[in-house]
Amino acid sequence: MKDLFFSVYIQIYMALELIINAAVFMVPLEKRRGFWLRLLLGSVLCLMLRYWTPRIGSITLLLTVANVTALVFFCCNVSIWDCAYCAVCAYAIQHFVFCGSVILQFLQDAPIQEAPDVPTLGYIAMYAAVLAASYFGCVRKLADGKRYNIDVRRTLIFTVMVVAVVMVLSIASQQAYVEDTRALYVICRCYAAFCCLFLLVSEVNAVNRSRLTKEVNTQQMLLKLQKEQYQLTKEKIELINRKCHDLKRQIGLLRNGSPDDDRNREITQIEDSIQVYDATLHTGNEVLDVVLTQKSLDCESLHISMTCVADGKHLGFMDTTDLFAIFCNAMDNAIEAVQGLQDQDKRMIAVSVWERSGLALFQFENYFENRLEMVDSIPVTTKKDKDFHGFGMKSIQYAVQKYNGQMSIHTENNIFVLRISIPVQQ
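About the cut-offs
Residues numbered from 1 in each chain as written. Predicted model: local features only at pLDDT ≥ 70, side-chain atom pairs only at ≥ 80, totals over all residues. Heavy atoms only, no water. Helix = DSSP H or I, 4+ residues; strand = E, 2+ residues; numbered from the N terminus. Buried < 20%, exposed > 50% of the residue type's maximum accessible area, 1.4 Å probe, protein only. Contact = heavy atoms within 4.5 Å. Areas by Shrake-Rupley, 256 points an atom, 1.4 Å probe, with all protein chains shown as cover. pLDDT = per-residue confidence, 0-100. Expected span 1.5 Å × (residues − 1). Bend = angle between axes of the 7 residues up to and from the residue. Arc of directions from axis to C-beta.

Colleague: Tell me about the overall build of the protein chain, and please be specific about residues and values.
Modeller: Looking only at helices and strands, one finds 11 helices and 7 strands in the protein chain. For the protein chain, the residues scored as buried account for 40% of the 426 residues in total. Considering only residue pairs separated by 6 or more positions, the protein chain has 73% of its internal contacts joining residues 24 or more positions apart. Element-wise, carbon and sulfur atoms account for 59% of the exposed surface of the protein chain, whose accessible area totals about 24000 Å².

This is how it looks when you write it as C-alpha cells:
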C-alpha cells in the first residue's frame, strides 16, 4: 500500500502543487456558482489526467499547465487570459519551491532526488511559507478588483519567459544530473529559482506601474474636465447674476410706476422667487464663490439645507483647478449622501473654510447612515459600477497631496466629516 501511494504521488505531485498554487491565485477572483464543488471535481479530473498522461518531457509540463488553466476557468468567472496567467504564475511558484527543496538537500549534504520523496514536515513548512509570501507579496498586488485584467500580449510574454527559462535550465540541470555533476546541477537550480522569483517580482512591478500610469492619465483627464466645467459654471452664474440684476431693476420701475396693491404683492413674490438666484456667495476667492454658489443652487433645488462659513482670502496660492476639484467633488459627495434621505431634518450640509496658524482648513459635514468602508484611506464607492466611480475622493486626495496637505475622513454620530489642512504659501 505504501509503495502504491508513493507511486501515485510521484505521478501527480506536480499537478497537485500546481492546483494548490492556482487556488491561492484564485482567492481574489470572481467565483462561479458552486465554486467549492467545481474546485473539487476539477481538481480530481486534473489529477487523473496527469496520472494517465505519459511523461514526455516539456509536453507533459505544457499539458499540465493547460489543465490547470482549464480548472481556473471552470471555477472562476474571468477571461481565459486571466486563467492562463494564473496557471503560469502557479507554475512559477511550484518550480521555485522545487528548486528550493533541491538547494536544501544540497546544503544538508543529502542525496539529491529529482523525483520528490513523500513530503517532510520541513518541506511542508517551506511550501506554506512560500505560499503565504506569494499571496501577500504577489496575488494581492496583481489583483484588480475581482480580475487580474491582464492583456493578451502581457500574458503571452510572461508565459513564454517562464516556460523558456524553466525548460532551458531544466535541460541543463538534467544533463548535469545525468553526468553526476552535483555542483553544476545545484547552480542551475539556484539560477532557475532566482529567475522564477525575478519574473514574478518584475510582473508585480510592471502591473503597479501600468495601474499608476492609468490612474495618472485618469486624474489628468478629470482635471481637464473639471477646468472646463469650472469655466462653464462661472459663465453660467455670471449670466444668472446679470439677468437677476436686470429683473430687479425692471421690477423696481414697475413698482414705482403703479400704486396698485395687488400688483405690488405680485411683484414682491417675483422678487422672492428670484432672490435665491441672486445670492452669490462672497468668500474672498473667486473659485469658491463660483463653486459654492453653484452648489447652493443645487441644494435649493433638491430641498437640502446648506450652511457655509467660508473665508477664502488666503487661498490665492492654490491653482484654480485644484480648488475646484476639492470643493466640487466634496460637495457632490455630500449632496449625493443626503439627497435620498426621507427625513428633511437630516438633509443638511455644512461647509467651513478658515485659516489658522499658517494652515488653510476645510471641513465638509453631512448626515451619513451607511457603514463607512475604507481602502487606502479612501472611502469605497457605494455605486455598483466601481470601475468608473470613486475618482472624486482620489481627485481630492491628489490635489491635497500636491500642496503637502493632509486629509482625514471619519464619522461621528452618523455625521460624515471630511477635514483638509493645507500649508498656506505666500
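Colleague: Can you break down the confidence of the model for the protein chain residue by residue, with the values?
Modeller: Of all residues in the protein chain, 65% attain a pLDDT of 70 or more, and the chain-wide mean is 76. Within the protein chain, the element-level pLDDT minimum falls on helix H8 (residues 261-275), averaging 58, and the maximum on strand E3 (residues 359-367), averaging 93. For the stretch residues 385-389, pLDDT sits under 50, and the model shows 4 contacts to residues farther than four places along the chain or on other chains.

Colleague: Explain helix H5 (residues 121-142) to me, and be specific about the residues and the numbers.
Modeller: The terminal C-alpha atoms of H5, which comprises 22 residues, lie 30 Å apart, in line with the 32 Å expected from a rise of 1.5 Å per residue. By the largest-angle criterion, tyrosine 135 marks the main kink of H5, which is about 40 degrees. Buried within H5 we find Tyr123, Tyr127, Val130, Leu131, Ser134, Cys138, Val139 and Leu142.

Colleague: Got a sec to walk through the side chain of serine 43? Specific residues and values, please.
Modeller: Relative to the helices and strands, serine 43 resides in helix H2 (residues 35-52). Setting aside chain neighbours within four positions, we find serine 43 in contact with Ile19 and Leu71.

Colleague: So what's going on with H2? Residues and values would help.
Modeller: With 18 residues, H2 ought to run about 26 Å at 1.5 Å a step, and its terminal C-alpha atoms sit 26 Å apart, in line with that. When H2 is considered as a whole, its buried residues turn out to be Phe35, Leu39, Gly42, Ser43, Cys46, Leu47 and Arg50. The arc that holds every buried residue of H2, seen down its axis, measures 135 degrees, which confines them to one face. Exposed residues lying more than 90 degrees from the buried face of H2 are Leu37, Leu40, Leu41 and Trp52.

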